[in-house]
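Notes for the structure review
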Amino acid sequence: MDKILEGLVCSDHSVTVKRAIVKRVVEAAEDDATEEQCLSMFTLTTRLFLLGEDAFQKQTGVQVLDAYARCHRTEFEHFFSKDFVLILLQQGFGHLDRKDPAIIDYIHCCLRLLISCPSVLEIFSVIQVEVLRMVCERPEPTLCARLSTLLSDFFQCIPKDKSGVLFCQQLVRTISYFHCFASQDRDLREYVGQVTKVSTLLQNIWKADPATMLSSLQEVFAIISSTDPSFDPSIALASLVQHIPVQMITVLIKSLTTDQNVKDASMTKALCRMIDWLSWPLAQHVDTWVIALLKGLSAVQKFTILIDVTLLKIELVFSRLRYPIVRQGALSVLSHMLLSFQHSPEAFHLVRDLLTDLPKPTEEKIKLVLNQSAWTSQSNSFGSGFLRQSGKSETGKTGLINLGNTCFMNSIIQTLFMATDFRHHVLSLHLNGSNSLMKKLQLLFAFLAHTQRAAYAPRNFLEASRPPWFNAGSQQDCSEYLRFLLDRLHEEEKTIHVLESVKPKLASHVDSTRTDPAGQTPPEMGHESPETGPQEERKTLIETMFGGTLLTRIRCLQCHCISEKEEPFTDLSLAFCPSATSRYSSQPERPSEEPKGLYQGSVNGGSEILDPGSSASQVSSVHSVTVTNEPSLTVPDMVNYFLAPEILDEDNAYFCEKCSSLQRAEKTMQVVSAPEYLILTLLRFSYDAKFHVRRKILENVTIPPLMRLPVYSRSKPSESFCPASSSQHLDCPESSENLAKKLKPSQQDEKDERRKTGQGVREDRSVQPALYVLSSVVVHSGVSSESGHYYSYGRNIDGADGSQHPARHSPLNEALQNGQAECNPSNCSALSIPPQQAGSSGQEAKDWLLFNDSRVTFSSFQLVQNITNRFPKDTAYVLMYRKQDLPEESTDGGTAQSMAKVSSEPPLQKELLDAIIKDNKLYLQEQELSARTQALQAPSSSCSFRPNGSDDNNPPGSCGPSGGGGGGGGFNTISRLVF
């Protein structure tokens, strides 16, 4: 058979004939054969295997060798002895060099055939010695990869004990000599595959014998820290990084950075070469190790190394961003470099020069990319032994951690933060080390805008801004909190204004010559007021942004004298029409409970829920805005109901000074000064005196994106006023705030009344509608006034970008012109945009954001408007609208509007910037030192996004309002309650 086989491979037969003959030879292996015949066949097949001229000869040798070795195992065991293996590894075979990879392949094949024979143990011992010698000779990647495959399949061939440690060290050093000079993709992929096989072998050895890992890592550092200019280690060493447990980062980095034997030059070389590893296509966790080493060096204040490495390598790191396969790691390292290189713009200038040929994104896109590029936003983490902190969301915004039923505060803070002009003014204030609440709000806004944390914990602000009657950890009302917060901020600034006005007067008595040439005393505090003017007329920032004025008129229907009073407001509390209050939650609360003090006061303990059979209910069925089942109630309907006239009679009659008796009177309210930000609270929580329960009104309210609010001009004194009471203040119990809606006659009744008296009230006020665009919505999720959860939607509305001004868009201009013709200017009305025009901008889909405690995600106005339809117990509670210039007003240079709108984000003051940098450094330390908390860390205590459910701790239940529209608002808050 051996002669047949030998003649076959040299013949000119076709491949088909040759294969048939080979098949016959393989089948003949089962026949009896002498030892001499078997040895002859083994020699022939070995020669074909190793020296075959083509693939067919090599394949023939493999097949025949496999068949004869299995059928004549004893003869093959004598043939493939340890001496033969030693000859192959030390001398080769024929003209084949001992370093040829085919030698390793042949040994690998023969070992599989002898694995069950006792003699294989002797062969293993020989290979253990020879492979150590081979790796010390620095084999090429191809040979080393074949050797790694052999050792991975036959782990008994790997050297043991001290020889094993030495073998790992030498294998690491062998990898450092790997280099690939090929330019073809196929060759490059083959090279990467070979390196991967070698690194996988080391990984398996480290797992089997952990003692070999530390010595291997020491060898790696010795190689990359070498300052020998003639030696340039291969970046293939990066393939080892992914096999090093990330739990060892803290120990290894600390050991390296604190080792006094490591010179600065060696550390610089090591760090530079680790950064070069970012170019290795399959390396994982290289960026984690690089950033950890950068942080470790910063912790021991080795800033010289950090500066040198950053300036040397930042251009290389930036260039890696062009390759998607390594972009993520390069991006995280680049972000860390840029964010930590604070003392000089030199590093930024190096990168800026490389940006000239790239397309320039928008400012918002740059902010988004920077937020996502921070090292805290990368998917790589330190592993199970370290705190896994999720990075910022794709929105680039920062969430607020729920500190225990504090979603009422989180939703309000995010709403104020999204009031762009207000945020700009707050960040622009110079408070000069003040410890005021405004200073704390400024710091909180700065953190929300610039922190690297995914979610910030506002503990200090919570302690400073919590109303005294709010119990820590209890459910609270976000509307009540908002009013208290604005009132506190307003009163603080008023106090500052008073002090500023008093100090110059005191100084003038001491030395009247200490004034500037203009005769004005410069302010001693850095608190810049948003308005200029005489000290007594200076407005606070809260007044400028949220302050409006309501004019309350009461006309005696007997003598027709009119009494007027102007009252400031920061929000309007909108009651539901009486017919809407019947649509309650189907789950009443416990009747035994009494209303909590968080509610604004009820009217003489009464209820707004009317008896359907009463005459009063029949009279009140017709209002200026009729509420029916179809169509659904809208926000303008509720505003019109709030501003609609009401009749004061019977128990609520008006005492007329001219008549000197209680008289029937008409009470009206008009907005005479519109705020820059209009806050509307929908009073959804009511007390049912009939059943003695508190309920939530689940009525769906349509929220318009644009709304026109009637604003009346202030009138001059006229003959329609009663001379004796023209300056009279309202002394009735309801003068301080607009309490529960009393029964009002229909419009026909009012006409009849005026016809009866023979005269009406002359209106001498012009109406100038103010356009408002929706900015934020706070949603209450729950069926009870005592529990639930708050989350908010918000969008940026400011004067910096024309695209953010709905009033300047051509579709809106058309809507305004059409609305001007169709709508009564004395009524609040909604402006709608055709869907095809409203959706023409692709940016609208990402204008809206959902703030749910720690989580911030993109949303859309459609989701905001349909939230109650999708989740019946999720209802809009607090709305914020931003005042916009009407098209005809946008061209004049009104100082008030230009003053109230800041064009761009103000630069951070040094004190705020230092605080943020300090906190970011603290955040890095938290990531390093929080290893053991990962296993114990539960999901965030804040509410995850489940808008149709309660997300807070239970018990005591989810964060919810303990009453609707709680009292104590700023500037004698005007509110019309449901109670």
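Residues numbered from 1 in each chain as written. Predicted model: local features only at pLDDT ≥ 70, side-chain atom pairs only at ≥ 80, totals over all residues. Heavy atoms only, no water.

For the rest of this paragraph, the subject is the overall build of the protein. Scanning the protein from N- to C-terminus turns up 34 helices and 21 strands. Within the protein, the proportion of its 979 residues that are buried is 52%. If you take every contact in the protein between residues at least 6 apart in sequence, the share linking residues at least 24 apart comes to 79%. In the structure as shown, the protein presents an accessible area of about 44800 Å², 52% of it carried by carbon and sulfur atoms. (Helix = DSSP H or I, 4+ residues; strand = E, 2+ residues; numbered from the N terminus. Buried < 20%, exposed > 50% of the residue type's maximum accessible area, 1.4 Å probe, protein only. Contact = heavy atoms within 4.5 Å. Areas by Shrake-Rupley, 256 points an atom, 1.4 Å probe, with all protein chains shown as cover.)

Let's shift gears to the confidence of the model for the protein. Overall, the prediction assigns the protein a mean pLDDT of 74, with 66% of residues at 70 or greater. For residues 582-629, every residue scores under 50 in pLDDT, and the model assigns this stretch 109 contacts once sequence neighbours within four places are set aside. Predicted confidence for residues 889-900 stays below pLDDT 50, and this span has 14 contacts to residues more than four positions away or in other chains. (pLDDT = per-residue confidence, 0-100.)

Take the pairing of strand β10 (residues 665-673) next. Two faces belong to every sheet, and in a regular strand the side chains alternate between them. Burial runs high along β10: 9 of the 9 residues are buried. Pairing analysis gives 8 bridges linking strand β3 (residues 548-556) to β10, with the strands arranged antiparallel. Counted as the bridge partner of Cys-556 is Ala-665 from β10. Bridging between strand β7 (residues 646-648) and β10 involves 3 bridges; their strand directions are antiparallel. Pairing of Ile-647 across the sheet is with Glu-666, part of β10. (Pairing = 2+ DSSP bridges.)

What follows is about a nonpolar patch on the surface. Taken together, the side chains of Leu-282, Tyr-323 and Ile-325 make up a nonpolar region of the molecular surface, amounting to roughly 310 Å² of accessible area. By the element assignment, Leu-282 lies in the loop between α14 (264-276) and α15 (286-299). Take Leu-282: its relative accessible area is 42%, and that puts it in the partly exposed class. (Patch = residues over 30% accessible without salt bridge, like charges linked within 9 Å, V, L, I, M, F, W, Y side chains within 5 Å. Salt bridge = Lys/Arg side-chain N within 4 Å of Asp/Glu carboxyl O.)

The next subject is the packing of aromatic side chains. The final tally for this structure, using the stated rule, is 25 aromatic pairs. Taking the centre distance of 4.6 Å and the plane angle of 15° together, the rings of Phe-447 and Tyr-456 count as stacked. The burial state of Phe-447 is the same as that of Tyr-456; both residues are buried. Pairwise contacts between aromatic rings join Phe-42, Phe-49, Phe-76, Phe-79, Phe-80, Phe-84 and Tyr-106 into one cluster. The ring centre of Phe-417 lies 4.5 Å from the NZ or CZ of Arg-423, which sits over that ring. When the ring centre of Tyr-677 is taken as origin, the NZ or CZ atom of Arg-882, which lies over that ring, is 4.6 Å away. (Phe/Tyr/Trp six-rings, centres within 6.5 Å; stacked < 30°, edge-to-face > 60°. Lys NZ or Arg CZ within 6 Å of the ring centre and 35° of its normal.)

With antiparallel pairing, 4 strands are arranged side by side in an open sheet as β4-β3-β10-β7. Strand pairing shows two members of the sheet lacking a second neighbour, β4 (562-569) and β7, which therefore form its edges. Within the sheet, the average angular offset between the axes of one strand and its neighbour, ignoring direction, is 30°. (Axes fitted to C-alpha atoms, helices over the stretch in contact; angles between N-to-C directions.)

For the coordinates displayed, the defined rule picks out 21 salt bridges. With its nearest N and O atoms 2.4 Å apart, the salt bridge here joins Asp-421 to Arg-882. On the criterion of sequence distance, the pair formed by Asp-421 in helix α21 (residues 420-428) and Arg-882 in strand β21 (residues 874-884) is long-range, its members being 461 residues apart. Since its relative accessible area comes to 0%, Asp-421 is described here as buried.

Let us now look at the environment of Leu-416. Mapped onto the elements, Leu-416 comes out in helix α20 (residues 407-417). By relative accessible area, Leu-416 is classed as buried at 0%. Residues Leu-416 and Leu-482, 66 residues apart in the sequence, show an inter-C-alpha distance of 9.4 Å. Setting aside anything within four residues of it in sequence, one finds Leu-416 in contact with Phe-422, Phe-445, Leu-482, Leu-485, Phe-546 and Met-880.

Summarising the element assignment, Arg-555 is placed in strand β3. A relative accessible area of 4% places Arg-555 in the buried class. Side chain to side chain, Arg-555 and His-560 meet in a polar contact 3.4 Å long. (Polar contact = N/O pair within 3.5 Å; in protein donor to acceptor, adjacent residues only side chain to side chain.)

Before going further, it helps to examine the nonpolar core. Among the nonpolar cores identified, the biggest contains 109 residues, and Phe-76, Phe-80, Tyr-106, Leu-111 and Phe-167 are the most heavily contacted of them. Apart from the residues lying within four places of it in its own chain, the contact partners of Phe-76 are Phe-42, Leu-65, Ala-69, Cys-110, Leu-113 and Leu-114. In terms of nonpolar packing, the next biggest core, distinct from the first, is built from 50 residues, Ile-413, Met-438, Leu-486 and Leu-849 among them. (Core = buried A, V, L, I, M, F, W, Y, C linked by side-chain atoms within 4.5 Å.)

Right, let's get into unusual backbone geometry. Backbone geometry places Glu-650, a non-glycine residue, at a positive phi of 55°. Relative to the assigned elements, Glu-650 resides in the loop between β7 and β8 (654-656). Glu-650 gets classed as exposed once you look at its relative accessible area, which sits at 71%. Phi at Ser-660 is positive, roughly 55°, even though this residue is not glycine. Looking at the secondary structure, you find Ser-660 in the loop between β8 and β9 (661-663). Judged by its relative accessible area of 53%, Ser-660 is exposed.

Three or more residues of helix α13 (residues 249-258) are buried, namely Ile-249, Leu-252, Ile-253 and Thr-257. Down the axis of α13, the buried set is contained in an arc of 120°. They therefore lie on one face. Projecting away from the buried face of α13 at angles above 90 degrees are the exposed residues Val-251 and Lys-254. Those residues of α13 hidden inside the fold are in contact with α12 (211-224) and α15. (Arc of directions from axis to C-beta.)

Another point: the packing of helix α8 (residues 120-136) against helix α10 (residues 161-176). Axis separation between α8 and α10 bottoms out at 9 Å; the angle between their running directions is 30°. The angle between α8 and α10 falls in the class roughly parallel. Here the hand of the crossing between α8 and α10 comes out left-handed. Here Val-131, Leu-132, Val-135 and Cys-136 of α8 lie close against α10, whose contacting residues are Ser-163, Leu-166, Phe-167, Gln-170, Leu-171 and Thr-174. A breakdown of the residues in the contact of α8 with α10 according to their chemical character gives 7 nonpolar, 3 polar and no charged. (Parallel < 35°, antiparallel > 145°, perpendicular 65-115°, else oblique. Left-handed = near helix turned anticlockwise from the far one by under 90°. Nonpolar A, V, L, I, M, F, W, Y, C, P; charged D, E, K, R; others polar.)

In this model helix α7 (residues 101-114) runs 20 Å from its N-terminal to its C-terminal C-alpha over 14 residues, within 8% of the 20 Å that 1.5 Å per residue would give. Of all 14 residues that make up α7, 12 are buried, and the element is covered over most of its length. When we look at burial in α7, the residues that qualify are Pro-101, Ala-102, Ile-103, Ile-104, Tyr-106, Ile-107, His-108, Cys-109, Cys-110, Leu-111, Leu-113 and Leu-114. Those residues of α7 that are buried are in contact with α3 (35-51), α4 (55-71), α5 (73-79), α6 (82-91), α8 and α9 (141-153). The distance from a side-chain oxygen at the start of α7 to the backbone nitrogen of Ala-102 is 2.8 Å, and the residue carrying that oxygen is Asp-100. (Expected span 1.5 Å × (residues − 1).)

On to the packing of α21 against helix α22 (residues 437-450), then. Where α21 meets α22, the axes come as close as 9 Å, and the angle between the chain directions of the two elements is 115°. Classed by the angle they form, the pair α21 and α22 counts as roughly perpendicular. Of the two possible hands of crossing, α21 and α22 adopt the one that is left-handed. Here Phe-422, Arg-423, Val-426, Leu-427 and Ser-428 of α21 lie close against α22, whose contacting residues are Met-438, Leu-441, Gln-442, Phe-445 and Ala-446.

Among the structural elements, Leu-698 can be located in the loop between β13 (693-696) and β14 (701-702). With 175 residues separating them in the primary sequence, Leu-698 and Lys-873 have C-alpha atoms 6.6 Å apart.

With that settled, consider the pairing of strand β19 (residues 848-852). With 5 of 5 residues buried, β19 is to be regarded as a mostly interior element. With burial as the criterion, each face of β19 is covered, one bearing Trp-848, Leu-850 and Asn-852 and the other bearing Leu-849 and Phe-851. Taken together, the 4 bridges between strand β17 (residues 789-795) and β19 define a ladder with antiparallel strand orientation. Across the sheet, the residue bridging to Ser-792 is Phe-851, located in β19. Judged from the 5 bridges that link them, β19 and strand β20 (residues 855-859) form a sheet pairing that is antiparallel.

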